[in-house]
Amino acid sequence: IHRSLIDSQGQVFAFSTIDAVIHGAVGETHTYYYPWTIPMGLAPGPAIFRRYVDRWCNPLQHWVWPMHEVHEATFTVIPLN
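The structure presented is a predicted model; accordingly, all values stated were derived computationally and were not measured.

### Looking at the confidence of the model for the protein chain
On average, residues of the protein chain score 85 in pLDDT, and 91% of them reach the 70 mark or higher. Within the protein chain, no element has a lower average pLDDT than helix α1 (residues 59-64), which sits at 84, and none a higher one than strand β2 (residues 12-14), at 95.

### Focus: a nonpolar patch on the surface
Taken together, the side chains of L60, W63, V64 and W65 define a hydrophobic patch exposed on the protein surface, amounting to about 530 Å² of accessible area. The topology assignment puts V64 in helix α1. Judged by relative accessible area, V64 falls into the exposed class, the value being 52%.

### Section: the pattern of salt bridges
Within this structure, the stated rule accounts for two salt bridges. Linking E72 and R50 is a salt bridge whose minimum nitrogen-to-oxygen distance equals 2.5 Å. Placement of E72 in strand β4 (residues 67-77) and of R50 in strand β3 (residues 45-55) is noted, with a sequence separation of 22 residues between them. Relative accessible area serves as the criterion here: at 47%, E72 is assigned to the partly exposed category. In this structure, the salt-bridge partner of E69 is R55, at a minimum N-O distance of 2.7 Å. Of the two residues, E69 sits in strand β4 while R55 sits in strand β3, which places them 14 residues apart along the sequence.

### What about the pairing of strand β1 (residues 2-6)?
By the criterion of burial, β1 is predominantly enclosed, with four of the five residues buried. Bridging between β1 and β2 involves three bridges; their strand directions are antiparallel. Bridge assignment links L5 to a residue of β2, and that residue is F13. Hairpin connection of β1 to β2: five residues between the antiparallel strands, including G10 at a positive phi of 85°.

About the criteria used
- Residues numbered from 1 in each chain as written.
- Predicted model: local features only at pLDDT ≥ 70, side-chain atom pairs only at ≥ 80, totals over all residues.
- Heavy atoms only, no water.
- pLDDT = per-residue confidence, 0-100.
- Helix = DSSP H or I, 4+ residues; strand = E, 2+ residues; numbered from the N terminus.
- Patch = residues over 30% accessible without salt bridge, like charges linked within 9 Å, V, L, I, M, F, W, Y side chains within 5 Å.
- Areas by Shrake-Rupley, 256 points an atom, 1.4 Å probe, with all protein chains shown as cover.
- Salt bridge = Lys/Arg side-chain N within 4 Å of Asp/Glu carboxyl O.
- Buried < 20%, exposed > 50% of the residue type's maximum accessible area, 1.4 Å probe, protein only.
- Pairing = 2+ DSSP bridges.

Here you go:
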């Protein structure tokens, strides 16, 4: 999972890539949590949390045709005065 924040000034704050390995029965739904901290210097105003996910089920799919997903969530950064 590749994560980043984009602030109202267009500055990109990239986080380190993390692995989310889930093994379970087909059709089961799982939720994966990973804590992170909003970086200092994030400009006030509208912001985007963007997550790129690369998925695969076996080594061949990993190297030949992995599935790619992009998820975005918008939020507002409010300055602490």
